Amino acid sequence: MKRLFLLAFLMAVALSACSQNPNVKKDSETQPQIGADQLRKDIGEMLLVGFRGTTITEQDPIVRDIRKYHVGSVILFEYDAPSGTRHRNISSPQQIKNLCADLQKYSSEPLLIGIDQEGGNVTRLRSRDGFPPTLTAEASARGGDDSVSRNAHTIATSLSKAGINLNFAPCVDVNVNPQCPVIGKLGRSFSSDPDKVTHFASIWIKEHNKQGIISCLKHFPGHGSASGDTHAGLVDVSKSWQPSELQPYSSLIEQGLVDMVMVAHVINSQLGDDLPASLSPSVVKELLRNQMGFTGVVVTDDLAMGAIVKQYGFEEAIHLAILAGCDLLCLSNNGTRYDPDMVPHAVEAILSMVENGLISAQDIHASAERIRVLKKKINLEPTR
């Protein structure tokens, strides 16, 4: 059945490509126009940005970005990669609680405040800083359902207490290659069995839902077979990837448990083209949206990672990610260099793309609306 699914998808991609006619008027051309103010708000809603500081004031760039550029989501880190120093945003439970409250205070609408808190090796709230110790997905799965549930509950409770409402987890990569340097070797996969990955991920998601925390499945369409690290450069899984790696996504989507999916920077030519998945319409629009029926929010993996910055310019990556159908653009500002004016640069670049007809204002609005719908699931009241 899995092979039939993949075959049906590949046939659909080919038929879609053959049926495209550049002379046919696009639906977006007949839709109502998006006003300039609304467009700016929509663009800001699509930005998930990183920043420096364990505390913030009105003079900080992130406050400007939230107020002036309508940034709707932020991502927190413990380690600052450009400077090689710790405590970028996180130093203690009370400090992070205060920071999250201040971030919400400066926004006229609820912010998504996200973090990578998978447990074990991929942890931003560390026990050395006063947070509860956690297990990797692999270690928790060895203890069965109760172990996974306890670990997820511990993590979700810590996030809730801090004021963090979005966790970029669970990792639903199937452990196809136990030697994968960023999945298998780090214990980030629940199992090599896609059924077990699905089962344990459902437990994880439900525990987070109880605490009002949004979960994000990653790394679509599957990173578990890789032999390289997309943090360092391009990784091609075209020969190692297996259709079974889609099973956790399809099953969890059918169960109605998926609010957000993160798309990886891996190249998988089995799925239609040679672009990184995060920049590929074949992967996002055709496979995830059309074939698998996902209607929630699609977020890119970090666009500051080596797989992207070594091959694409800043504006080019943003352009391709939007064309691919991604809703939320992860601009961590935590790669090789830090740019305090990254958000103004991104906003102006996207505005220029719309003005020049390279991307559609209606598509941007549709992405922003998906994010706004998702925000209604978090238990926050906007600070006016």
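For the structure, see preceding data.
Keep in mind that this is a model prediction, so the values were computed, not measured. (Residues numbered from 1 in each chain as written. Predicted model: local features only at pLDDT ≥ 70, side-chain atom pairs only at ≥ 80, totals over all residues. Heavy atoms only, no water.)

**Quick look at empty space enclosed by the protein**
Move 1: Overall, the coordinates contain two cavities of 30 Å³ or more when judged by the stated rule.
Move 2: There is about 60 Å³ of room inside the largest cavity.
Move 3: Elements with a minimum of two residues in the lining of the largest cavity: helix H3 (61-68) and helix H12 (342-355).
Move 4: Looking at which element gives the most residues to the lining of the largest cavity, the answer is H3, with three residues.
Move 5: Here the residues of the lining of the largest cavity sort into seven nonpolar, two polar and three charged.
Move 6: In the lining of the second largest cavity, the residues fall into six nonpolar, no polar and two charged. (1 Å grid on protein atoms, 1.4 Å probe; cavity = no way out; pocket = protein on both sides within 12 Å on 5 of 7 lines; lining within 4 Å. Points joined across faces, edges and corners; volume = space filled by probe spheres on them. Helix = DSSP H or I, 4+ residues; strand = E, 2+ residues; numbered from the N terminus. Nonpolar A, V, L, I, M, F, W, Y, C, P; charged D, E, K, R; others polar.)

**A closer look at the sheet that holds strand S8 (residues 260-263)**
Move 1: Strand order in this open sheet of eight strands is S9-S8-S7-S6-S5-S2-S1-S10, and the pairing throughout is parallel. Looking at strand neighbours, the two that pair on one side only are strand S9 (297-300) and strand S10 (329-331), the edges of this open sheet.
Move 2: By the bridge criterion, three bridges tie strand S1 (residues 47-49) to S10 in an arrangement that is parallel. For Leu47, the partnering residue across the bridge sits in S10 and is Leu329.
Move 3: Running over the sheet, helix H8 (residues 247-254) touches strand S7 (214-220) and S8 and is turned about 150° from S7. (Pairing = 2+ DSSP bridges. Contact = heavy atoms within 4.5 Å. Axes fitted to C-alpha atoms, helices over the stretch in contact; angles between N-to-C directions.)

**A word on the packing of aromatic side chains**
Move 1: Scanning the model with the defined rule gives two aromatic pairs in all.
Move 2: With a centroid separation of 5.9 Å and an interplanar angle of 45°, the aromatic rings of Phe190 and Phe200 are classed as tilted. One end of the pair, Phe190, is in the loop between strand S6 (166-167) and helix H7 (194-210); the other, Phe200, is in helix H7, and 10 residues separate them in sequence. Grouping residues by exposure puts Phe190 and Phe200 together as buried.
Move 3: Geometrically, the ring pair formed by Phe220 and Tyr249 is edge-to-face, given 4.9 Å between the ring centres and 90° between the ring planes. Here Phe220, found in strand S7, pairs with Tyr249, found in helix H8; they are 29 residues apart in sequence, far enough to count as distant.
Move 4: It is Arg52 that lies over the ring of Tyr338; its NZ or CZ is 4.2 Å from the centre.
Move 5: Above the plane of the ring of Tyr106 lies Lys105, whose end atom (NZ or CZ) is 4.9 Å from the centre. (Phe/Tyr/Trp six-rings, centres within 6.5 Å; stacked < 30°, edge-to-face > 60°. Buried < 20%, exposed > 50% of the residue type's maximum accessible area, 1.4 Å probe, protein only. Lys NZ or Arg CZ within 6 Å of the ring centre and 35° of its normal.)

**What about the environment of Lys376?**
Move 1: With respect to the secondary-structure elements, Lys376 resides in the segment after helix H13 (361-375).
Move 2: Each C-alpha atom of the pair Lys376 and Pro110 lies 8.9 Å from the other, and the pair is 266 residues apart in sequence.

**What about the layout of surface pockets?**
Unfilled space is identified by rolling a water-sized probe across the atoms.
Move 1: By volume, the second largest pocket amounts to about 810 Å³.
Move 2: Phe77, Arg124, His231, Asp302 and Met305 are, among the 37 residues lining the second largest pocket, the residues nearest its centre.
Move 3: Elements supplying a minimum of two residues to the lining of the second largest pocket: S7 and helix H10 (306-309).
Move 4: Taken together, the residues of the lining of the second largest pocket break down into 16 nonpolar, 10 polar and 11 charged.

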